[in-house]
Amino acid sequence: MGQIIDGKAVSQSVKDSIKAEVAELKAKGIEIGLAVVIVGDDPASKVYVRNKKLACEYVGFNSYEYALPAETTEQELLELVDKLNNDDKVDGILVQLPVPKHINDKVVIDNIRPDKDVDAFHPVNVGKIMIGDYSFLPCTPAGVMELIASTGTEIAGKECVVIGRSNIVGKPQAMLLLHKNGTVTVCHSKTKNLAEVCSRADILVAAVGRAKMITKEYIKEGAVVIDVGMNRDENGKLCGDVDFEDCKDKALFITPVPGGVGPMTIAMLMQNTLTAGKEHKCK
Ligand code: GUN
């Protein structure tokens, strides 16, 4: 049986080190704030926002929550973003996605000040990730990198396969692995011989969004397998993109769902908020 990577434990240690740093800053009179904006009442988004708020409380950030009704216009949302851009108490701004269909999320993201864009979704931050000159890393790929680091696995020279090419996970994930000198392949729905390509991977990151699609035929013996998926199986139970039971004996390290990548995303959001706060208030 491969070793299970404990995302909760890694996340806890990241949050504890942030908490200690926040306490030191507070002793010097420096307070850091994160504004979280949610539009409408998508139940999953509400849970995510609540968890972000709880994480802020845990590490010692001030959190400012704006829960707007689903009928909010794009203009009204942009006015709020502008207000937060100009509020010195707010170091980070996060607009929870998805926003209702009548609001263009791209326009909203473009209007968040890049130095407060703790999601790292603004084109300026995306560009910085491309050239390896970044202050913020997108939270989920950054969390994946922490989990790989926790196993002690060297990335340089390794075959890394990322399944999925989304702007939020797949593409930035490939960049981060490349910056660590991995040999990176990005697979997607048009990839031929997917199982064969994946089975060459020393490090496999699955971000497809299809329940238990990755079975042991996709896994190289001794691989590090990181599952970004968050799906429901045929019984309505939370599961990843990787068929954990089928793959766990072939992998050397494997993340569970839940309890793998999920908890890391919020820890990395806290990390980005700390980075933003220090940039604004400690220079
Ligand atoms: N919706 C799902 N994941 C995310 C995320 O990481 N950031 C934001 N802003 N919205 C999300």
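Residues numbered from 1 in each chain as written. Predicted model: local features only at pLDDT ≥ 70, side-chain atom pairs only at ≥ 80, totals over all residues. Heavy atoms only, no water.

Trainee: Help me understand empty space enclosed by the protein in this model?
Mentor: One way to see where empty space is left: roll a probe the size of a water molecule over the atoms. Inspection of the entire model under this criterion finds one cavity of 30 Å³ or more. Forming the walls of the largest cavity are Ile-93, Leu-94, Val-95, Leu-97, Val-108, Ile-109, Ile-112, Asp-117, Asp-119 and Phe-121. Counting only elements with at least two residues in the lining of the largest cavity, the list comes to β4 (92–95) and α4 (105–110). Looking at which element gives the most residues to the lining of the largest cavity, the answer is β4, with three residues. Class assignment for the residues of the lining of the largest cavity results in eight nonpolar, no polar and two charged. (1 Å grid on protein atoms, 1.4 Å probe; cavity = no way out; pocket = protein on both sides within 12 Å on 5 of 7 lines; lining within 4 Å. Points joined across faces, edges and corners; volume = space filled by probe spheres on them. Helix = DSSP H or I, 4+ residues; strand = E, 2+ residues; numbered from the N terminus. Nonpolar A, V, L, I, M, F, W, Y, C, P; charged D, E, K, R; others polar.)

Trainee: Got a minute to help me understand the environment of Ser-45 in this structure?
Mentor: On the secondary structure map, Ser-45 appears in helix α2 (residues 43–59). Taking C-alpha positions, Ser-45 is 6.8 Å from Gln-96, a pair spaced 51 residues apart along the chain. Excluding its chain neighbours within four sequence positions, the residues that come into contact with Ser-45 are Ile-38, Gln-96, Leu-97 and Pro-98. (Contact = heavy atoms within 4.5 Å.)

Trainee: Would you explain the site of the ligand in this entry?
Mentor: In the neighbourhood of the ligand, the contacting residues comprise Leu-94, Val-95, Gln-96, Leu-97, Asp-119 and Phe-121. Residue Gln-96 places a side-chain N or O atom 3.2 Å away from a nitrogen atom belonging to the ligand. Contact between the ligand and Asp-119: a nitrogen atom at 2.7 Å from a side-chain N or O atom of the residue. Here the residues of the shell around the ligand are counted per class, giving four nonpolar, one polar and one charged. (Near = heavy atom within 4 Å. Polar contact = N/O pair within 3.5 Å; in protein donor to acceptor, adjacent residues only side chain to side chain.)

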